[in-house]
Amino acid sequence: MSNTIYNKADSILEIRGIDYISGQMHDRIKAISNKSTDEEFKKIYKELSANTGNDGFFLRSHVIEELSRLSDNEISRYLKYRYAYEVYPQEKIVTLYPPLVQIEPTSICNYRCVFCYQTDERLTNKKNGHIGQMSLELFKDIVDQLEGNVEAITLASRGEPTVNRHLDKMLQYLSGKFLAVKVNTNAFKLDEKLSHAILESDIQTLVFSADAADAQLYSELRVNGNLDKVLKNIRRFISIKEKCYSNSRLITRVSGVRYDKRQSIESMESLWGDLVEQVMFVDYNPWENVYDSNKKGINIPCTDLWRRMFIWWDGKVGACDVDYLTTLMSASVKDNSISEIWQGELYHSLRKSHLENNRENIEPCTRCVTI
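Attention here is on the structure that accompanies the text.

Conventions used here
Residues numbered from 1 in each chain as written. Predicted model: local features only at pLDDT ≥ 70, side-chain atom pairs only at ≥ 80, totals over all residues. Heavy atoms only, no water. Helix = DSSP H or I, 4+ residues; strand = E, 2+ residues; numbered from the N terminus. Rg over C-alpha atoms; globule rule 2.2 N^0.38 Å. Buried < 20%, exposed > 50% of the residue type's maximum accessible area, 1.4 Å probe, protein only. Contact = heavy atoms within 4.5 Å. Axes fitted to C-alpha atoms, helices over the stretch in contact; angles between N-to-C directions. Parallel < 35°, antiparallel > 145°, perpendicular 65-115°, else oblique. Left-handed = near helix turned anticlockwise from the far one by under 90°. Nonpolar A, V, L, I, M, F, W, Y, C, P; charged D, E, K, R; others polar.

## Remarks on the overall build of the protein chain
Link 1 in the chain: Of regular secondary structure, the protein chain possesses 15 helices and 9 strands.
Link 2 in the chain: Against the 2.2 N^0.38 benchmark of 21 Å for 371 residues, the protein chain shows a C-alpha radius of gyration of 20 Å, consistent with a compact globule.
Link 3 in the chain: By principal-axis analysis of the C-alpha atoms, the protein chain measures approximately 55 × 55 × 45 Å.
Link 4 in the chain: With 371 residues in all, the protein chain has 58% of them scored as buried.
Link 5 in the chain: In the protein chain, the share of contacts with a sequence separation of at least 24, taken over all contacts with a separation of at least 6, comes to 76%.

As structure tokens, then:
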């Protein structure tokens, strides 16, 4: 198991199923920029067009895929978000709101994946107060704060979103308000009703979390999972999408964690390639034992402190999902606004400590490989 540094902005190890020519997208963005009076967008385009390598701001293939499904009016908004997500963390610029907010509909999961914090009873024991489901009222309040201020929302974190009985209503409330909404699911509970709810909500990306093409290996990695059931659910979802939502802009993706030497992108493509548009692996980060693992000796500031905010089911704010027991923060969106927390003393102090090379003295940051 690898303890290599894990960079969330560039964590995609392998991704297949995308065949867009970046030059075509650059030409389209150029035409939009030439007509635009938005100086911030024009500056971003100038930097993008000047970049001929993989340093600075450039468009990864999965970003081009997302851009290709947007209207001209939406592209400038999306690129400003993407620039803030990728560049500002490197330059240590704090925005008014997080570039991306990860909302946890629930911390409950029906799986016990071997590489996941759900294997830690400190999290899953209800007596410890970490387990629960977000109310629809709280979810709406969070969305109301973010609309017009944030473009990227991810529904996922410590738990499985489909466990929340209000997920269909949450998706409905999100619809049309953001340009980069992603939902992660293991697809075990993806029934017909929820399939329609997802497709009607016009989210941008649906990620099916799966790490193997072999039923035995799948069950070993995703304990309590059933590959046959998951495949049946996903095939039904794709059929509904093709029959009833032919104009949907939704991107479907299968994403696995590279954890075991028996996994391969070739076998994943063989099984999943005809079902979804993207097949990928991300690097393994030892989420499941960060509080007990050895110190890693990494003093590079973690970009998550400038990139994203995690909001748990009960409104508490997490600095990152590696700190799944929420030891780094004591803030709640029930007490302060999202912007106030993001720009507040707790985040400021944590960012300052990372910038001053004190990461090795911060728990659990000193045991994490994320930068």
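## Focus on the packing of helix α9 (residues 192–200) against helix α11 (residues 227–244)
Link 1 in the chain: α11 packs onto α9 with a crossing angle of 50° between their chain directions and a minimal axis gap of 10 Å. If you check the angle between α9 and α11, you find them oblique. Of the two elements, α9 crosses α11, and the hand of that crossing is right-handed. Contacts between α9 and α11 involve Glu192, Ser195, His196, Ile198 and Leu199 from the former and Arg236, Phe237, Ile240, Lys241 and Cys244 from the latter.
Link 2 in the chain: Residues that form the contact of α9 with α11 fall into these classes: 5 nonpolar, 2 polar and 3 charged.

Nothing here speaks to function; it is geometry throughout.
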